[in-house]
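Listed below are the residues making up each chain.
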Amino acid sequence: MVMQSKTALALNTENLGRGGWLIQSVNLGQWGHEVILHSIFDPDFPDSTHFTLIFSGCLTLVWNADENEVDEHDQEADVIGFDIHDKLNPKKAVITTDLFSLVMTYQELTIQTSG
């Protein structure tokens, strides 16, 4: 399923605004104008959902790594904070994990899900 999101409604539809989810990888495209988060929702359940968040038209991106928490065995980052400010122009996303935080302004958010 691919869902174009102009509001936080899509995040609530996919239950991404609450509950546990992990980021498996972060990719930058178009020289940082696109930020792609490959993730999994509720990884402890057999019917967990893999999904991708694609932030397009990124104007700013701030990445802060928590250097004290990095372990070579860490394969996924546990999301502990996720705020979308979609009433702003440009829109703003703040994603906080146990390993890093991302703050970005963007134009469009696309959510791709698979079971």
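Residues numbered from 1 in each chain as written. Predicted model: local features only at pLDDT ≥ 70, side-chain atom pairs only at ≥ 80, totals over all residues. Heavy atoms only, no water.

(A) Quick look at the overall build of the protein chain. When helices and strands are counted, the protein chain shows one helix and nine strands. Going from the N terminus to the C terminus, the protein chain shows its helices and strands as β-α-β-β-β-β-β-β-β-β. For the protein chain, buried positions account for 42% of its 115 residues. Nonlocal contacts in the protein chain, meaning residues at least 24 apart in sequence, comprise 53% of its contacts between residues at least 6 apart. A total accessible area of about 6,800 Å² is found for the protein chain, and carbon and sulfur atoms account for 50% of it. (Helix = DSSP H or I, 4+ residues; strand = E, 2+ residues; numbered from the N terminus. Buried < 20%, exposed > 50% of the residue type's maximum accessible area, 1.4 Å probe, protein only. Contact = heavy atoms within 4.5 Å. Areas by Shrake-Rupley, 256 points an atom, 1.4 Å probe, with all protein chains shown as cover.)

(B) Spatial organisation of the packing of aromatic side chains. As enumerated under the stated definition, the model contains four aromatic pairs in all. When the centroid spacing of 5.1 Å and the interplanar angle of 85° are considered together, the rings of Trp21 and Phe82 count as edge-to-face. Linking Trp21 in strand β2 (residues 21–29) with Phe82 in strand β6 (residues 77–85), this pair joins segments that are 61 residues apart in sequence. Exposure remark for Phe82: the relative accessible area of 15% places this residue in the buried category. Ring geometry for Trp63 and Phe100: centres 4.9 Å apart, planes at 20°, overall stacked. Of this pair, Trp63 sits in strand β5 (residues 60–65) while Phe100 sits in strand β8 (residues 100–106); the two residues are 37 residues apart in sequence, bridging distant segments of the chain. Following the ring pairs from residue to residue traces out a cluster consisting of Trp21, Phe51 and Phe82. (Phe/Tyr/Trp six-rings, centres within 6.5 Å; stacked < 30°, edge-to-face > 60°.)

(C) Layout of the pairing of strand β9 (residues 108–114). Taking burial as the measure, the seven residues of β9 include five buried ones, the bulk of the element. Here strand β4 (residues 49–56) pairs with β9 via seven bridges, running antiparallel. When the bridges of β9 are listed, Leu53 appears paired with Ile111. (Pairing = 2+ DSSP bridges.)

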